[in-house]
Number of protein chains: 2
Amino acid sequence: MLLIKIGGGKELNLKGIAADLATVDEKFIIVHGANALRDELAQKLGIEKKVVTSLSGYDSVLSDENTIDLMMMAYAGVKNKRIVELLQQNGINAVGLSGVDGKLLQGKRNSGIKVREGGKTLLLRDFSGKPKAINKQLLDLLLENGYTPVLSVPLIDENNFAINSENDDIVALLQSEFKAEKIISLIEAPGFLLDKNDPSSLVSKMSKSELEAMEQKVEGRMKRKILALRKLFESGDTTVILSDGRNENPIKDALNGKGTTIQ
Amino acid sequence: MLLIKIGGGKELNLKGIAADLATVDEKFIIVHGANALRDELAQKLGIEKKVVTSLSGYDSVLSDENTIDLMMMAYAGVKNKRIVELLQQNGINAVGLSGVDGKLLQGKRNSGIKVREGGKTLLLRDFSGKPKAINKQLLDLLLENGYTPVLSVPLIDENNFAINSENDDIVALLQSEFKAEKIISLIEAPGFLLDKNDPSSLVSKMSKSELEAMEQKVEGRMKRKILALRKLFESGDTTVILSDGRNENPIKDALNGKGTTIQ
């Protein structure tokens, strides 16, 4: 079993990814993003990001109903169906599903952000949360019958509302249930770079302990990225490969050891 | 088994439909539209309808790649997932799928439209076609395991491209495979009206032969509507109910004989 995470960047070579996946013998589950498409659509539709500052001083992006509609258009709509179409063209019988379908990806809605407005303290609750459980029975049913699941947000929350979430958390949750031997993450970079502006700073191999050591040294975005990677090892040994999704053969490259391999 | 067709109008009471469906004991499959949402999105995104005139003098709307993207956003994206979400809130374990997912709705792409351009005759092929086969194995798998399929365009064509199609044809094809006892079509009207501007012209009961007789008398849009209804009877006896989807209880009303019942 493989888990394939396809990033949401504009430059990912989806055709190459689909063609490569047709040569893979193992079963796999795909989780994809669509953030570039979502941002493009948001701009065209004039939907602005709502950022609020919490009492404790942190900025958060609020996911309101429009944000979820937008996510359904970009992720569960265009991107999901275009990926399924490409896979079908390569002989892979893909089925695209979001977390609300068959309660496939179940989440817990965030409790809210305390903000100060007009001299009052308000609790703002948006439609976002964290994945907590999956409907493994439905995924197994599809896999056992020859279908390849292609998954995207939104999740479904404890009251059956569609909510936003991080794809990294979804992949980690899937890994805790499926214990995939390999997790391939296709990104818009050659792999893990020590300096994001310098491709020659690529780290081609890393151990789990090197990953942990690095997490202590870095800050911000880099720290969050490493934390997401580290979580993939929490449910047991696996191999995580960060590979350049813009290449001609992103999956073949990953399986041949290009990019960054973490074991 | 019931087949439920939910029209794509803006005024349909989706909450009422979902609540009513939770009281239905039989299994059912839903096919839904989203034309009002699609048109609204097209306008906001500045995607214009491309109309061409064929050599034989007929006007046709061309479905290009943008049209299919738009369909994926409106039908397979927002509308499909919002309906699934509402059904989940009412305890129905719905799974939303388009025709490309697991090759659920397979179509044949239209051969093209001959047009005259710059002194030359060109054959314009767009992404549209007619449904020809369904993946009944996948629908049965879902139904047998307690899931309610919620289906929308696009279809998948013979070369695995996503194509546009008429929902009426999809419902007729599903009926030829499932032989539902009842087909409920939820529309933005009290039922079948002899004069579309006069609600008191509602026909509350019609026989199949009355339907055929009427088809001979009318023209244009009305003729196409009746033809679509007549096709539902081609695979055997059934009951078709046209019901007002704007009411408080659209499904209960339909099952209680409100609207137009055709037997």
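Residues numbered from 1 in each chain as written. Chains lettered and ligands numbered in written order. Predicted model: local features only at pLDDT ≥ 70, side-chain atom pairs only at ≥ 80, totals over all residues.

Asks: Report on the overall build of chain A, specifying residues and quantitative values.
Replies: The helix and strand inventory of chain A stands at 8 helices and 18 strands. Along the first, second and third principal axes, the C-alpha atoms of chain A reach 60 × 45 × 35 Å. Within chain A, the proportion of its 263 residues that are buried is 47%. Restricting the contact set of chain A to residue pairs at least 6 apart, pairs at least 24 apart contribute 75%. (Helix = DSSP H or I, 4+ residues; strand = E, 2+ residues; numbered from the N terminus. Buried ≥ 20, exposed ≤ 12 C-beta atoms within 10 Å, placed from the backbone. Contact = placed C-beta atoms within 7 Å.)

Asks: Give a detailed account of the interface of chain B and chain A, specifying residues and quantitative values.
Replies: Between chain B and chain A, the residue contacts involve 28 residues of the former and 28 residues of the latter. Elements represented by at least two residues in the side of chain B that touches chain A include exactly helix 2 (35–45), helix 3 (65–89) and strand 5 (94–98) of chain B. Take the side of chain B that touches chain A: its biggest share by element is 11 residues, from helix 3 of chain B. Of the residues that constitute the side of chain B that touches chain A, the class distribution is 13 nonpolar, 9 polar and 6 charged. (Nonpolar A, V, L, I, M, F, W, Y, C, P; charged D, E, K, R; others polar.)

Asks: Report on the packing of helix 2 of chain B against helix 3 of chain B, specifying residues and quantitative values.
Replies: Residue and element names in this part refer to chain B. Contact geometry for helix 2 and helix 3: axes closest at 9 Å, N-to-C directions at 130°. If you check the angle between helix 2 and helix 3, you find them oblique. Crossing handedness for the pair helix 2 and helix 3: right-handed. Contacts between helix 2 and helix 3 involve Leu37, Arg38, Leu41 and Ala42 from the first element and Leu70, Met71, Met73, Ala74, Tyr75, Val78 and Lys79 from the second. Counted by class, the contact of helix 2 with helix 3 contains 9 nonpolar, no polar and 2 charged residues. (Axes fitted to C-alpha atoms, helices over the stretch in contact; angles between N-to-C directions. Parallel < 35°, antiparallel > 145°, perpendicular 65-115°, else oblique. Left-handed = near helix turned anticlockwise from the far one by under 90°.)

Asks: Quick rundown of unusual backbone geometry? Include the residues and the values.
Replies: Residues and elements named next belong to chain A. Here the amide bond leading from Val153 into Pro154 is cis, since omega sits at 5°, within 30 degrees of zero. Residue placement: Pro154 occurs in the loop between strand 10 (148–152) and strand 11 (155–156). Positive phi values are uncommon outside glycine, yet Asn160 reaches one of about 65°. Topologically, Asn160 is positioned in the loop between strand 11 and strand 12 (162–163).

Asks: Give a description of helix 1 (residues 14–21) of chain A that names residues and reports values.
Replies: Residues and elements named next belong to chain A. In terms of burial, helix 1 is a largely internal element, 6 of the 8 residues being buried. Residues Gly16, Ile17, Ala18, Ala19, Asp20 and Leu21 constitute the buried set of helix 1. Of the surrounding elements, those touching the buried residues of helix 1 are strand 1 (2–6), helix 3 (65–89), strand 13 (182–187) and helix 8 (250–255).

Asks: Explain the sheet that holds strand 10 of chain A to me, using residue names and the numbers behind them.
Replies: All names here are of chain A. With respect to topology, 8 strands assemble into an open sheet ordered 5-10-2-1-13-17-18-16, the strand pairing being mixed. The strands lining the two open edges of the sheet, one partner per strand, are strand 5 (94–98) and strand 16 (205–206). Relative to strand 10, strand 2 (residues 28–32) is paired through 2 bridges, and the arrangement is parallel. From the neighbouring strand, Val31 faces strand 10, where its bridge partner is Leu151. (Pairing = 2+ DSSP bridges.)

Asks: So what about helix 5 (residues 167–178) of chain A? Which residues, and what values?
Replies: Residues and elements named next belong to chain A. Along its 12 residues, helix 5 runs 16 Å from first to last C-alpha, staying within 8% of the 16 Å computed at 1.5 Å per residue. The complete set of buried residues in helix 5 reads Asn167, Ile170, Val171, Ala172, Leu173, Leu174, Gln175 and Phe178. Elements in contact with the buried residues of helix 5: strand 1, strand 2, strand 6 (105–109), strand 9 (129–134), strand 13 and helix 7 (220–231). Count one or two residues on from helix 5 and you reach Lys179, which has phi positive near 45°. (Expected span 1.5 Å × (residues − 1).)

Asks: Can you break down the relation of the copies chain B and chain A residue by residue, with the values?
Replies: Once turned by 180° and shifted 0.0 Å along the axis, chain B lies on chain A with an RMSD of 0.0 Å. With respect to symmetry, the two chain copies, as superposed, fit the operation of a two-fold axis. In this assembly the copies share their binding face: 100% of the residues contributing to the interface of chain B also contribute to that of chain A. (Least-squares fit on C-alpha atoms with pLDDT ≥ 70 in both.)

Asks: Before we move on, could you go through the confidence of the model for chain A and cite the residues and values that matter?
Replies: Chain-level statistics for chain A give a pLDDT mean of 95 and a share of 100% at 70 or above. Both scores are available for the predicted complex, with the pTM at 0.96 and the ipTM at 0.96. (pLDDT = per-residue confidence, 0-100.)

Asks: Give a description of the sheet that holds strand 5 of chain B that names residues and reports values.
Replies: Residue and element names in this part refer to chain B. Across the sheet, 8 strands lie side by side as 5-10-2-1-13-17-18-16; this open sheet has mixed pairing. A strand with exactly one partner marks an edge of an open sheet, and here the two such strands are strand 5 and strand 16 (205–206). Sheet analysis places strand 17 (residues 239–244) next to strand 18 (residues 260–262), joined by 3 bridges and oriented antiparallel. Bridging from a neighbouring strand, Val240 pairs with Ile262 of strand 18.

Asks: Hey, could you go over the environment of Leu3(A) for me, with residue numbers and the actual values?
Replies: Residue and element names in this part refer to chain A. By secondary structure assignment, the location of Leu3 is in strand 1. A count of 23 C-beta atoms within 10 Å places Leu3 in the buried class. When near neighbours in sequence (up to four residues on either side) are disregarded, Leu3 contacts Phe28, Ile29, Val171, Leu174, Gln175, Phe178, Ala180 and Ile183.

Asks: Hey, could you go over the environment of Glu234(B) for me, with residue numbers and the actual values?
Replies: Its place among the elements puts Glu234(B) in the loop between helix 7 (220–231) and strand 17. Glu234(B) sits 36 residues away from Asp198(B) along the chain, and the two C-alpha atoms are 30 Å apart.

Asks: Now, about the pairing of strand 10 (residues 148–152) of chain B: what can you tell me, with residues and values included?
Replies: Residues and elements named next belong to chain B. Counting buried residues in strand 10 gives 5 out of 5 residues, a clear majority hidden from the surface. Across the two faces of strand 10 the burial is the same, with Thr148, Val150 and Ser152 and Pro149 and Leu151 all buried. In this structure, strand 5 lies alongside strand 10, joined through 5 bridges in parallel fashion. Bridged to Gly96 within strand 10 is Val150.

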